[in-house]
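Remarks on the overall topology
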Amino acid sequence: MNLKAENITFAYNKKRQILKDVSLTLPSDKIIGLIGDSGSGKSTLCKIMAGFISHYSGNVTIDGNKIPDKDYYPVQLIFQHPEKTMNPKWKMEKVLNESWTPTQDLKDTFGLKDNWLTRWPSELSGGELQRFSILRALNPKTKFIIADEISTMLDAVTQVQIWEALIKHCRANNIGILAVSHDPELLEVVCDDILYFKDINKL
Ligand SMILES: Nc1ncnc2c1ncn2[C@@H]1O[C@H](COP(=O)(O)OP(=O)(O)OP(=O)(O)O)[C@@H](O)[C@H]1O
Ligand SMILES: [Mg+2]
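Residues numbered from 1 in each chain as written. Chains lettered and ligands numbered in written order. Predicted model: local features only at pLDDT ≥ 70, side-chain atom pairs only at ≥ 80, totals over all residues. Heavy atoms only, no water.

Observations regarding the pairing of strand S8 (residues 176–180)
A large share of S8 lies buried, amounting to five of its five residues. Residues of S8 alternate between two faces, with Gly 176, Leu 178 and Val 180 on one and Ile 177 and Ala 179 on the opposite face, all of them buried. Of the pairings in the sheet, the one linking strand S3 (residues 31–35) to S8 comprises four bridges and is parallel in character. Looking across to S8, one finds that Leu 34 is bridged to Val 180. Bridging between strand S7 (residues 144–148) and S8 involves five bridges; their strand directions are parallel. Looking across to S8, one finds that Asp 148 is bridged to Val 180. Once you follow S7 into helix H5 (residues 156–173) and on to S8, the crossover reads as right-handed. (Buried < 20%, exposed > 50% of the residue type's maximum accessible area, 1.4 Å probe, protein only. Helix = DSSP H or I, 4+ residues; strand = E, 2+ residues; numbered from the N terminus. Pairing = 2+ DSSP bridges. Right-handed = clockwise from strand over helix to strand, strands pointing away.)

Here is the structure:
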């Protein structure tokens, strides 16, 4: 399978265009890195590819087909700040099981501890919360993961643990990953190919 963004052009307002004719292909069996300047539009592209923004021109397709947005969206975006995507009034067990119920095996792969499940989001660290937001995104209907600076706020050991777990799962299940990061060393280790945002944005 291929997730394709083709000739994506977008502006939040008339004053400034953010994306011009951006095209990229993400195959299911690849991890593609995306690196570029702060404020250049990477997260905007991620949101478009994951269906969060719809008023763009161009096409986002899977194997040539438009992605239906009524059913489960097969392109899942994981953000830098997991706490922003969780209901603070939900215990972690409810947060985790909102989309699907991960197996014990997968919970173990991500180092999820049982005693975290009875806590509120505010009672966990950023790294602990990020494990939940990744697991939540791995619903079996997910075909592609857009990882937008998912490990930026984590220490080196946690960063390695989380990426190893995510890569293991995605390689085994044929899920493609677009990995956005400011860290070229991380992308060198994790990715099959690296794209430079300035090369794909024709502004
Ligand atoms: N909702 C919005 N309304 C208006 N402008 C926005 C909105 N979201 C982002 N922008 C602007 O669009 C530009 C691109 O932002 P974006 O978040 O895509 O950059 P980025 O490449 O992800 O940056 P970073 O590396 O810092 O995360 C920025 O100038 C930002 O201020
Ligand atoms: Mg960003």
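On we go from here.
Some words on the side chain of Lys 42
The residue Lys 42 is located in helix H1 (residues 42–49) in this model. Those residues in contact with Lys 42 that lie beyond four places of it in its chain are Leu 34, Ile 35, Gly 36, Asp 37, Val 180, His 182 and Phe 197. (Contact = heavy atoms within 4.5 Å.)

Some thoughts on the sheet that holds S3
Sheet architecture is open: five strands sit in the order S6-S7-S8-S3-S9, paired in parallel fashion. This sheet does not close on itself; its edge strands, each paired only once, are strand S6 (75–78) and strand S9 (193–196). Here the strands of the sheet are splayed against their neighbours by 20° on average, with no regard to which way each runs. Summarising the sheet, S3 and S9 pair through four bridges and their orientation is parallel. For Ile 35, the partnering residue across the bridge sits in S9 and is Tyr 196. H1 rests against S3, S6, S7 and S8 of the sheet, and its axis sits at about 155° to S7. Contacting S3, S7 and S8, H5 runs over the sheet at an angle of about 150° to S8. (Axes fitted to C-alpha atoms, helices over the stretch in contact; angles between N-to-C directions.)

Considering the layout of surface pockets
The computed volume of the largest pocket comes to approximately 280 Å³. Considering the residues around the largest pocket, the lining is formed by 18 residues, among which Gln 76, Leu 77, Thr 85, Arg 136 and Ala 137 are closest to the centre. When residues of the lining of the largest pocket are traced back to their parent elements, those giving at least two are S6 and helix H4 (126–137). For the lining of the largest pocket, the residue count by class is ten nonpolar, six polar and two charged. In this model, the second largest pocket occupies a volume close to 240 Å³. Lining the second largest pocket are Ile 48, Gly 51, Ile 53, Ser 54, Tyr 56, Gly 58, Val 60, Lys 66, Ile 67, Asp 69 and Tyr 73. Of the residues contributing to the lining of the second largest pocket, the split by class is six nonpolar, three polar and two charged. (1 Å grid on protein atoms, 1.4 Å probe; cavity = no way out; pocket = protein on both sides within 12 Å on 5 of 7 lines; lining within 4 Å. Points joined across faces, edges and corners; volume = space filled by probe spheres on them. Nonpolar A, V, L, I, M, F, W, Y, C, P; charged D, E, K, R; others polar.)

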